[in-house]
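Here is what each chain is made of, one letter per residue.
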Amino acid sequence: MSAILEVKDLKKYFKVPSGLLHAVDDVSFSIERGHTLGVVGESGCGKSTLGRLLLRLIEPDAGQIRFDGQEITALDDKAMHALRQKMQMIFQDPFSSLDPRMSVRDTIAEPLKIYGLAKSKEEIEKRVEAMMDTVGLSKRFINSYPHEMDGGRRQRIGIARALILDPSFIVCDEPVSALDVSIQAQILNLMQDLKREKGLTYLFITHDMSVVKHISDTICVMYLGKIVETSSTRALFRDPTHPYTQALLSAIPIPDIHVKRERILLRGELSSPIDPQPGCRFAPRCNHATERCSREDPLLREIEPGHYVACHLCDGVQ
Ligand code: SF4
């Protein structure tokens, strides 16, 4: 299996009045073709910025993004526009990401028109109807507008709009977090089915560990712009190693009253990502922090094949 996406030392800092906000800070990872990489962390950890950087909806300050073997950070607007047929995005809030003045037909057809991928009105109509069928939207909604539909159906429109160009890679930015739990399951199952049928690769951004467990083959845990742990989903849930990952996992509800798990409470709030101090960014909230942690930034190290952790506890020197 080969990597469809390889990211190396990616950085994005934003200038804000009080300094430089380190949104994404030296992030490296790859995604195998046909896999789902879950990116998880609290709001403000940089995961949504990361998703937008990959599609160059915002420009990176440094680093490389290689998609399908091609380095894309230096591509001009025209080349990037062409490439976005293959790299699409599904947004968190289906309501605000849809144009309220456009019907379902027009919304799904718009990318076909922009890319000139249909020869006639009839072909557009056929492809829109086929796509509605693929995402489980009844054709009776073809003339409806977003405000006439519920959240689940609106997200199906968002998925249809992303899929109509036949992409191979999709960034899914919290695609179910605005939906009711029962609808979440339907949309996640739809996305899994589509991945299998079309051989899609997903980068799936979420703050919800249950969702990320359900959908991902591998997981990156982010904290204040950095990846602090990454491994296969199975290894991460079997042996969470970074204290932050352990705290996130301890907060997942267990649907069995006989199983007890102690919840690890994190002290304080996420620290500021503006001009972060040297040392481990998690130190102010970590129950295991030592003097070294506040002075030295831990590197991401491989603790077993494919399982990487950025924590001084893992290098045997304290
Ligand atoms: Fe905690 Fe230190 Fe590990 Fe950071 S490096 S997670 S502060 S033990």
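Since this is a predicted model, take the numbers as computed values, not measurements.

Colleague: Mind showing me how you'd approach empty space enclosed by the protein here?
Modeller: The tally for this structure, following the rule as stated, stands at 1 cavity of 30 Å³ or more. One number sums up the size of the largest cavity: a volume of about 90 Å³. Looking at the largest cavity, it is lined by 13 residues, and the ones nearest its centre are Pro-243, Cys-280, Cys-286, Cys-293 and Cys-311. Tallied by class, the residues present in the lining of the largest cavity amount to 10 nonpolar, 3 polar and no charged.

Colleague: For this particular structure, what's the right way to read the site of the ligand?
Modeller: Inspection of the region around the ligand gives 13 residues, with Cys-280, Cys-286, Cys-293, Cys-311 and His-312 positioned closest. In this structure the site holding the ligand corresponds to the largest cavity. For the shell around the ligand, a count of residues per class yields 10 nonpolar, 3 polar and no charged.

Colleague: How should the side chain of Gln-192 be read in this particular structure?
Modeller: Relative to the elements of secondary structure, Gln-192 occurs in helix α6 (residues 181-198). At 3.3 Å, the side chain of Gln-192 forms a polar contact with the backbone oxygen of His-214.

Colleague: What's the story with the nonpolar core in this structure? I'm lost.
Modeller: Looking at soluble globular proteins, one finds that nonpolar side chains tend to be buried together. Core analysis: the largest hydrophobic core is formed by 37 residues, its most contacted members being Ile-108, Met-132, Val-135, Leu-137, Ile-159, Leu-163 and Met-191. Among the elements of the structure, α3 (104-114), α4 (121-134), α5 (151-163), β7 (169-173), α6, β8 (201-206) and α7 (209-215) are those that each provide at least two residues to this core. Every residue in contact with Met-191, bar those within four places of it in the chain, is listed here: Ile-90, Ile-159, Cys-172, Pro-175, Tyr-202, Phe-204 and Ile-215.

Colleague: Looking at this model, I keep getting lost on the packing of α3 against α4. Mind explaining?
Modeller: The geometry of a pair of packed helices is captured by two quantities: the angle between their axes and the separation between those axes. Axis separation between α3 and α4 bottoms out at 10 Å; the angle between their running directions is 115°. Crossing of α3 against α4: the hand is right-handed. In this structure, α3 contributes Val-104, Arg-105, Ile-108, Ala-109, Leu-112 and Lys-113 to the contact, and α4 contributes Ile-124, Glu-125, Arg-127, Val-128, Met-131 and Met-132. When the residues that make up the contact of α3 with α4 are grouped by side-chain class, the tally is 8 nonpolar, no polar and 4 charged.

Colleague: It is not clear to me how the side chain of Arg-154 should be interpreted in this structure. Could you clarify?
Modeller: Mapped onto the elements, Arg-154 comes out in helix α5. Each residue touching Arg-154, except ones within four places of it in the same chain, is listed here: Pro-94, Phe-95, Leu-98, Pro-146, His-147 and Met-149.

Colleague: Help me understand the sheet that holds strand β9 (residues 218-223), please; the structure alone is not making it clear to me.
Modeller: Whether parallel or antiparallel, the strands of a sheet pair through hydrogen bonds between backbone atoms. Read from one edge of the open sheet, 8 strands run β6-β7-β8-β3-β9-β10-β12-β11, paired in mixed fashion. Edge strands, defined here as strands with exactly one partner in the open sheet, are β6 (87-90) and β11 (301-304). Neighbouring strand axes in the sheet, compared pairwise and without regard to direction, differ in orientation by 20° on average. In terms of strand pairing, β6 meets β7 through 4 bridges, oriented parallel. Note that in β7 the partner of Gln-88 across the bridge is Ile-170.

Colleague: Explain the packing of aromatic side chains here, please?
Modeller: Here a ring pair, both rings aromatic, is described through the centre-centre distance and the interplanar angle of the planes. Evaluated as defined, the whole model comprises 4 aromatic pairs. On the numbers, 5.0 Å between centres and 85° between planes, the contact of Tyr-223 with Phe-282 is edge-to-face. One end of the pair, Tyr-223, is in strand β9; the other, Phe-282, is in the loop between α9 (243-250) and β11, with 59 residues separating them in the sequence. Of the two residues examined, Tyr-223 and Phe-282, each falls in the buried class.

Colleague: Where do I start with the sheet that holds strand β2 (residues 19-32) in this structure?
Modeller: Ordered by their spatial adjacency, 4 strands build an open sheet running β2-β1-β4-β5, and the pairing between neighbours is antiparallel. With partners counted over all chains shown, the strands left at the sheet margins are β2 and β5 (70-71), one partner each. Looking at chain direction, strand β1 (residues 3-16) and strand β4 (residues 62-67) are connected through 5 bridges and run antiparallel. Bridge pairing links Glu-6 to Arg-66 in β4. Where helix α1 (residues 47-54) meets the sheet, its contacts fall on β1, β2 and β4, and the angle it forms with β1 comes to roughly 120°.

Colleague: Teacher, can you tell me more about the pairing of β7 here?
Modeller: It is a general feature of regular strands that their side chains alternate between the two faces of the sheet. Extensive coverage of β7 is indicated by the burial of 5 of its 5 residues. Alternating positions in β7 separate into two faces, Phe-169, Val-171 and Asp-173 on one and Ile-170 and Cys-172 on the other, with burial throughout. Sheet topology places β7 next to β8; 5 bridges connect them, and they run parallel. From the neighbouring strand, Cys-172 faces β8, where its bridge partner is Phe-204. In this view, the connection linking β7 to its parallel neighbour β8 by way of α6 has right-handed handedness.

About the cut-offs
- Residues numbered from 1 in each chain as written.
- Predicted model: local features only at pLDDT ≥ 70, side-chain atom pairs only at ≥ 80, totals over all residues.
- Heavy atoms only, no water.
- 1 Å grid on protein atoms, 1.4 Å probe; cavity = no way out; pocket = protein on both sides within 12 Å on 5 of 7 lines; lining within 4 Å.
- Points joined across faces, edges and corners; volume = space filled by probe spheres on them.
- Nonpolar A, V, L, I, M, F, W, Y, C, P; charged D, E, K, R; others polar.
- Near = heavy atom within 4 Å.
- Sits in = over half its atoms within 2 Å of the grid points.
- Helix = DSSP H or I, 4+ residues; strand = E, 2+ residues; numbered from the N terminus.
- Polar contact = N/O pair within 3.5 Å; in protein donor to acceptor, adjacent residues only side chain to side chain.
- Core = buried A, V, L, I, M, F, W, Y, C linked by side-chain atoms within 4.5 Å.
- Buried < 20%, exposed > 50% of the residue type's maximum accessible area, 1.4 Å probe, protein only.
- Contact = heavy atoms within 4.5 Å.
- Axes fitted to C-alpha atoms, helices over the stretch in contact; angles between N-to-C directions.
- Left-handed = near helix turned anticlockwise from the far one by under 90°.
- Pairing = 2+ DSSP bridges.
- Phe/Tyr/Trp six-rings, centres within 6.5 Å; stacked < 30°, edge-to-face > 60°.
- Right-handed = clockwise from strand over helix to strand, strands pointing away.

By themselves these figures say nothing about function.
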